[in-house]
There are 2 protein chains.
Amino acid sequence: MTEAPAASYPIDDTNRVKRRHQRAHYDHATVHALLDSAALCHVSYVIEGQPYCTPTLYWREGTTLYWHGSSASRMLRNLSEGQPACLTVTHLDSLVLARSAFHHSADYRSVMAFGHARLIEDQTDKSRALTMMVDRLFPGRTATLRPTTEQELKATSVVTMDIEKASAKIRAAGVIDDEEDYLLPIYAERIPVRTVIEPPEPDGRLLPGVTRPATLSAFRTGRRLDEALTETYAMSYPAG
Amino acid sequence: MTEAPAASYPIDDTNRVKRRHQRAHYDHATVHALLDSAALCHVSYVIEGQPYCTPTLYWREGTTLYWHGSSASRMLRNLSEGQPACLTVTHLDSLVLARSAFHHSADYRSVMAFGHARLIEDQTDKSRALTMMVDRLFPGRTATLRPTTEQELKATSVVTMDIEKASAKIRAAGVIDDEEDYLLPIYAERIPVRTVIEPPEPDGRLLPGVTRPATLSAFRTGRRLDEALTETYAMSYPAG
């Protein structure tokens, strides 16, 4: 008996990692875990031949991605078939100082996801998307909020994209020098960097008796943001 | 007597910030300061109609950007006139929890820079670029390293792009709710996040007596990465 092969994204010339292919991963587990550990992505579209690289908040549901529409909305409106897009998430984990310029590097974890982006036009679908945009970060929060108005819903642009292809690229190697260079009296080090949560700042106009809900406990001072986001994602999507 | 107007990037439909235009900045000082406070960017190209959003290390020299060529090299080779590209740098500064879903947001600082990317083919130019790729991060470091070989230089791809248009977008507002929503008993807060330096890790194979050079003092435990990078940039490019 053999286990069923793990689900993976198909590989072609678009998403195949050409340089340092030993750092590449195409399986759902690796790709999705990285996507679920961040809130900020960069998404690329083409408008009249000009590429745009736009930062925005996003989240994943199965093999589908969602993000704020922003300035891409005009282009996507009325394009039911979608426009090619690429959504990328990157964690910078370190700067690497080697004994030669050539081997200076960085440790990082990134995902590039490819597909066709389209605007969510249906109001019910958009309402559901807006709920998840909040609840993916802060589990159960939407139910505690002032309800969204029709006008707000109309003013919200949400884009969706089924992931057709994806690749993750991970470097977690620190200093790697040519063997003979280890004999040189040159300093080398890895400078780790982390994105962490600073002390949360309660709004200055909270009503008396309104306190921080326990559902926000994932966001505590000093914690890594990627760990907090992984935890809250699992609370909102327990099935993964 | 009036002061000369500050230098700014020209504004057109490509880089004009359409949503929340009060957050927009086009002046060199704001755009360049943001570019100089990061090491990682995302760059967008189009290859056969498909947009790519690639994370890479970059740096600025005047109004010119440089970055690692990576998988775009094939496309850029022999294209002396350049290909349209967009290089974006983003700092996520907080997650913002408002009293309505609609006003949930994030504080951030980002720059989008537009131009035409081309591969540096000339070996002397490439050698100089490789020097600055290291020295911009770690001032004076190249002079202390094992020299780059011809073969390494050939294996290095560096892309350059003159910034033709750019915009910075900054949100640093925390919670902003509709006035009437402040009367609701709903918890709201700002969750600040920072990318900080963890304890530097000297390589395990340093020769006896090889110690950390003083030029790396900007990278010290607990410091914000954007501040350290701003400091080292100013050391390498004192004229700005």
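Residues numbered from 1 in each chain as written. Chains lettered and ligands numbered in written order. Predicted model: local features only at pLDDT ≥ 70, side-chain atom pairs only at ≥ 80, totals over all residues. Heavy atoms only, no water.

Chain A carries the name Pyridoxamine 5'-phosphate oxidase family protein in an unreviewed UniProt entry, which gives Bradyrhizobium denitrificans as its organism.

J.: Describe the relation of the copies chain A and chain B, with residues and values.
T.: By a simple turn and slide, chain A fits onto chain B: the slide is 0.0 Å along the axis, the RMSD is 0.0 Å, and the turn is 180°. On this basis, the relationship between the two copies can be described by a two-fold rotation axis. Taking C-alpha positions as the reference, the residue of chain A nearest the rotation axis is T195 of chain A, at 2.0 Å. Of the residues that chain A buries at the interface, 100% are likewise interface residues in chain B, meaning the two copies contact each other through the same surface. (Least-squares fit on C-alpha atoms with pLDDT ≥ 70 in both. Contact = heavy atoms within 4.5 Å.)

J.: Account for the side chain of D226 of chain B, naming residues and giving values.
T.: Residue and element names in this part refer to chain B. Within the secondary structure, D226 is located in helix α5 (residues 225–236). Given the relative accessible area of 9%, D226 is considered buried. Only 2.8 Å separates the side chain of D226 from the side chain of R224, close enough to count as a polar contact. The residues touching D226, leaving out its near neighbours within four places in the chain, are S37, H91 and R109. (Helix = DSSP H or I, 4+ residues; strand = E, 2+ residues; numbered from the N terminus. Buried < 20%, exposed > 50% of the residue type's maximum accessible area, 1.4 Å probe, protein only. Polar contact = N/O pair within 3.5 Å; in protein donor to acceptor, adjacent residues only side chain to side chain.)

J.: Can you break down the pattern of salt bridges residue by residue, with the values?
T.: Side chains that differ in sign of charge can pair as their charged atoms come close. Counted according to the given criterion, the structure contains 40 salt bridges over all chains. Measuring nitrogen to oxygen at the nearest pair gives 3.1 Å for the salt bridge that ties E201 of chain B to R190 of chain A. Placement of E201 of chain B in strand β10 (residues 201–202) and of R190 of chain A in strand β9 (residues 189–197) is noted, with the two residues assigned to different chains. For E201 of chain B, a relative accessible area of 37% corresponds to the partly exposed category. Here D226 of chain A ties to R224 of chain A by a salt bridge, and the two come within 2.7 Å at their closest N and O atoms. A single network of salt bridges, built from pairs that share partners, joins D93, R109, R194, R224, D226 and E227 of chain A. (Salt bridge = Lys/Arg side-chain N within 4 Å of Asp/Glu carboxyl O.)

J.: Pulling in residues and values, what's your account of the packing of aromatic side chains?
T.: Here the distance between the centres and the angle between the planes together describe a pair of aromatic rings. One pass over the full model with this rule turns up ten aromatic pairs over all chains. Taken together, a centroid distance of 4.9 Å and an interplanar angle of 25° make the contact between Y233 of chain A and Y237 of chain A stacked. Take Y233 of chain A and Y237 of chain A: they sit in the same class, and that class is buried. For the ring pair W59 of chain B and Y66 of chain B, a centre distance of 4.8 Å and an interplane angle of 10° mean the geometry is stacked. When the ring centre of Y182 of chain B is taken as reference, the NZ or CZ atom of R205 of chain A above it lies at 3.7 Å. (Phe/Tyr/Trp six-rings, centres within 6.5 Å; stacked < 30°, edge-to-face > 60°. Lys NZ or Arg CZ within 6 Å of the ring centre and 35° of its normal.)

J.: An account of helix α3 (residues 123–135) of chain A is needed here, citing residue identities and associated values.
T.: Residue and element names in this part refer to chain A. Between the first and last C-alpha of α3 there are 18 Å, a value that for 13 residues agrees with the 18 Å anticipated at 1.5 Å per step. Three or more residues of α3 are buried, namely K126, A129, L130, M132, M133, V134 and D135. Buried residues in α3 make contact with β3 (50–61), β4 (64–68), α4 (150–155), β7 (158–162) and α5 (225–236). If you check the start of α3, you find a side-chain oxygen 3.0 Å away from the backbone N of T124, and it comes from D122. (Expected span 1.5 Å × (residues − 1).)

J.: Help me get a handle on the pairing of β9 of chain A, residues and values and all.
T.: Strand residues, when the strand is regular, have side chains that alternate between the two faces of the sheet. Most of β9 of chain A is tucked away: eight of the nine residues are buried. Inspection of the sheet shows strand β5 (residues 83–97) of chain A paired to β9 of chain A by four bridges, in the antiparallel sense. Each residue of the ladder has a partner; that of V96 of chain A, found in β9 of chain A, is R190 of chain A. Note that β9 of chain A and β10 of chain B share two bridges and pair antiparallel. Residue E189 of chain A lies in a different strand from β10 of chain B, and its bridge partner there is P202 of chain B. Across five bridges, the pairing between β9 of chain A and strand β9 (residues 189–197) of chain B is antiparallel. Bridged to V196 of chain A within β9 of chain B is R194 of chain B. (Pairing = 2+ DSSP bridges.)

J.: Account for the interface of chain A and chain B, naming residues and giving values.
T.: Between chain A and chain B, the residue contacts involve 86 residues of the former and 86 residues of the latter. Of the roughly 7900 Å² buried where chain A meets chain B, counting both sides, 64% is carbon and sulfur surface. Counting every contact that joins chain A to chain B gives twelve salt bridges. With a shortest N-O distance of 2.8 Å, D203 of chain A and R99 of chain B are connected by a salt bridge. At the surface where chain A touches chain B, the tally comes to 38 residue pairs in polar contact (both at pLDDT 80 or more). Elements that contribute at least two residues to the side of chain A that touches chain B include exactly β2 (40–47), β3, β5, β6 (105–119), α3, α4, β9 and β10 (201–202) of chain A. The biggest single contributor to the side of chain A that touches chain B is β9 of chain A, with nine residues. Looking at the side of chain A that touches chain B, its residues break down into 50 nonpolar, 17 polar and 19 charged. (Buried area = accessible area lost by both parts, 1.4 Å probe. Nonpolar A, V, L, I, M, F, W, Y, C, P; charged D, E, K, R; others polar.)

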